[in-house]
Amino acid sequence: MQKTQRIHSLDSLRAIMMMLGLVLHSALTYNVTVHGNVWNIKDTEATNITTDFLVLMIHSFRMPIFFLIAGFFGALLFYERKPWQMIKNRTVRIVIPFIVFLLILTPIMQFSFGYASETFGGQENALTNALALFSEFSVYIPKSTSHLWFLYYLFFATTFTVLLAFLLKKTPKLTQRIKKNGNYIFHKPVLRILFFSGITFFILTVLKTPMVASSTSLIPDTNTFVYYTSFYLIGWLLYTSKQQLETLKKYDWLCVILAILLVVIQGILIQYADLGLKSNTNSPLLIAFSSSIVWLFIFGITGLFIRYGSHHSTRMRYISDASYWVYLIHLPLTALFPILLQKVPINGILKFLIVTIATAIVCFTSYHFFVRNTFIGKFLNGRKYPKNLKSL
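A brief structural summary. Nothing here was measured: the structure is a model prediction, and the numbers come from that model.

Cut-offs applied
Residues numbered from 1 in each chain as written. Predicted model: local features only at pLDDT ≥ 70, side-chain atom pairs only at ≥ 80, totals over all residues. Heavy atoms only, no water. Helix = DSSP H or I, 4+ residues; strand = E, 2+ residues; numbered from the N terminus. Buried < 20%, exposed > 50% of the residue type's maximum accessible area, 1.4 Å probe, protein only. Contact = heavy atoms within 4.5 Å. Core = buried A, V, L, I, M, F, W, Y, C linked by side-chain atoms within 4.5 Å. Expected span 1.5 Å × (residues − 1). Polar contact = N/O pair within 3.5 Å; in protein donor to acceptor, adjacent residues only side chain to side chain. Phe/Tyr/Trp six-rings, centres within 6.5 Å; stacked < 30°, edge-to-face > 60°. Lys NZ or Arg CZ within 6 Å of the ring centre and 35° of its normal. Bend = angle between axes of the 7 residues up to and from the residue. Patch = residues over 30% accessible without salt bridge, like charges linked within 9 Å, V, L, I, M, F, W, Y side chains within 5 Å. Areas by Shrake-Rupley, 256 points an atom, 1.4 Å probe, with all protein chains shown as cover. Salt bridge = Lys/Arg side-chain N within 4 Å of Asp/Glu carboxyl O. Axes fitted to C-alpha atoms, helices over the stretch in contact; angles between N-to-C directions. Parallel < 35°, antiparallel > 145°, perpendicular 65-115°, else oblique. Left-handed = near helix turned anticlockwise from the far one by under 90°. Nonpolar A, V, L, I, M, F, W, Y, C, P; charged D, E, K, R; others polar.

**Re unusual backbone geometry**
1) Next: Phi at Asn 125 is positive, roughly 60 degrees, even though this residue is not glycine.
2) Next: For Asn 125, the position within the fold is in the loop between helix H3 (83–120) and helix H4 (126–132).
3) Next: Of the residues examined, Asn 125 reaches a relative accessible area of 53% and is grouped as exposed.
4) Next: Although it is not a glycine, Ser 146 adopts a positive phi angle of roughly 50 degrees.
5) Next: Relative to the helices and strands, Ser 146 resides in the loop between H4 and helix H5 (149–168).
6) Next: When its relative accessible area of 17% is taken as the criterion, Ser 146 is described as buried.

See the structure below:
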């Protein structure tokens, strides 16, 4: 099989979806909505409904797009290299970083979130209490996957899909039929939205939820696995129809505009119609909204990246290389920076923007000086750059 040239647009798209996690987590502290155990930090004096809509919108497409692109590149490795090389690559890039950073970050996150939670809760000696955690052995033992949950489920999705791919290799006629039908569906802009929205609608109806709350439990969650693996599988299928990538540019802007409009309507319904995004809510209306929104965003945003990001960009390549590190270390910072702004008399939107920018500056600075040209960069990205490198 002829090897696929580097697809800069999808590389950039994957990186930006990862980076949006920084924006999403920076916004949660200023949400009006109470997120319970998901996010126990709230600046009650600076909440703003705008951040709620931002979180709702980003959550609706970010991880589905990421898993779809992961499935696409997983298939590329599987079919254009030997399958066992693909398995080795995914182990080195997913499994080992997950284990290493989960162990490193667990005590740091317990400190940062414990300190922030007690500070915003008005607890005296919050810093002393948080520092005392380091003297307890249990603080070093992971109790959840935290924000690394996506690596956890990416491993499960990859394993499931690879096993399925091995089985399909033994049924060439069925495989060809699937490729032919997939190629036809991806070629038709309206059909692909309706078809894949229908699949997602069916899955969410079976799971009895309009939106899957990603599980951070160390015990695998069925809903999280089924939902995100479905996007990984479709991304794998997209690779077999990669000649149709250019067709995603058709109606790309329209898809994104429609998706944003639907998110606004969905948000209004959730906020004012008492429909809520609770796990036991099985509203066909909300499920229909979520199913349509995710695929309008997927095809719209992917189309825009193909339209405007298909050529090599030194800046985007740098961001793409940095994105893994930035995502891994950003979470404690999004918990700590709001503490510095707690008593600053500005609104929630400004605080959210400051936290986002400050976190990004620290993450990218640390990447540039301590990761990019070190063994850490090679560990995460498979290579490290010479210190005197002037171009990518």
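**Quick look at the environment of Tyr 152**
1) Next: With respect to the helices and strands, Tyr 152 occurs in helix H5.
2) Next: Along the backbone, Tyr 152 and Leu 218 are 66 residues apart, and their C-alpha atoms lie at a distance of 8.7 Å.
3) Next: Contacts of Tyr 152, omitting those with residues within four sequence positions, involve Phe 98, Thr 145, Ser 217, Leu 218 and Pro 220.

**Some details on the nonpolar core**
1) Next: With 114 residues, the main nonpolar core has Phe 67, Phe 72, Phe 150, Trp 295 and Ile 301 as its most contacted residues.
2) Next: Each residue touching Phe 67, except ones within four places of it in the same chain, is listed here: Trp 149, Phe 150, Tyr 153, Leu 154, Ala 157, Tyr 228, Phe 231 and Tyr 232.

**What about helix H8 (residues 222–240)?**
1) Next: Taking 1.5 Å per residue, 19 residues should reach 27 Å; H8 reaches 27 Å between its end C-alpha atoms and fits that length.
2) Next: Its side-chain oxygen at 3.4 Å from the backbone nitrogen of Asn 223, Asp 221 defines the N-terminal cap of H8.

**Quick notes on the packing of aromatic side chains**
1) Next: Taken as a whole and assessed by the stated rule, the structure comprises 37 aromatic pairs.
2) Next: With 6.0 Å between their ring centres and 80 degrees between their planes, Phe 66 and Phe 67 make a pair best called edge-to-face.
3) Next: Given a relative accessible area of 4%, Phe 66 falls into the buried group.
4) Next: Summarising the aromatic geometry, the rings of Phe 66 and Phe 150 are spaced 5.2 Å apart at their centres and angled 85 degrees between planes, so their arrangement reads as edge-to-face. One end of the pair, Phe 66, is in helix H2 (residues 49–80); the other, Phe 150, is in helix H5, and 84 residues separate them in sequence.
5) Next: Residue Phe 150 is classed as buried on the basis of its relative accessible area, which comes to 1%.
6) Next: In this structure, Lys 179 packs its charged tip against the face of Tyr 79, placed 5.9 Å from the ring centre.

**With respect to H3**
1) Next: Of all the bends in H3, the largest measures some 40 degrees and sits at Leu 105, one to four residues before the proline Pro 107.
2) Next: Where H3 terminates, the next one or two residues include Gly 122, which has phi positive at roughly 80 degrees.

**A closer look at a nonpolar patch on the surface**
1) Next: Taken together, the side chains of Leu 127, Leu 131, Phe 134, Phe 137, Tyr 140 and Ile 141 define a hydrophobic patch exposed on the protein surface, amounting to about 580 Å² of accessible area.
2) Next: Tracing the backbone through its elements, the reader meets Phe 134 in the loop between H4 and H5.
3) Next: By relative accessible area, which is 33% here, Phe 134 ends up partly exposed.

**So, the packing of helix H7 (residues 189–207) against H8**
1) Next: Where H7 meets H8, the axes come as close as 10 Å, and the angle between the chain directions of the two elements is 170 degrees. It follows from the interaxial angle that H7 and H8 lie roughly antiparallel. In terms of crossing hand, the pair formed by H7 and H8 is right-handed. Along its contact with H7, which presents Phe 196, Thr 200, Ile 203, Leu 204 and Leu 207, the element H8 presents Asn 223, Val 226, Tyr 227, Ser 230, Phe 231 and Ile 234.
2) Next: A class-by-class count of the residues in the contact of H7 with H8 yields 8 nonpolar, 3 polar and no charged.

**A look at the packing of helix H1 (residues 8–28) against helix H11 (residues 314–341)**
1) Next: Two elements in contact, H1 and H11, have axes whose closest approach is 8 Å; the angle formed by their N-to-C orientations is 25 degrees. With respect to their mutual orientation, H1 and H11 come out roughly parallel. You can see that H1 and H11 cross each other, and the crossing is left-handed. On the side of H1, the interface is formed by Asp 11, Ser 12, Ala 15, Ile 16, Met 18, Met 19, Gly 21, Leu 22, His 25 and Ser 26, while H11 contributes Met 316, Ile 319, Ser 320, Ser 323, Tyr 324, Val 326, Tyr 327, His 330, Leu 331 and Thr 334.

**Brief notes about the side chain of Thr 145**
1) Next: Mapped onto the elements of the fold, Thr 145 is located in the loop between H4 and H5.
2) Next: If we skip the residues at most four places from it in the chain, Thr 145 touches Phe 98, Leu 102, Tyr 152, Ser 215, Thr 216, Ser 217 and Leu 218.

Interpretation in functional terms is not warranted from these geometric data alone.
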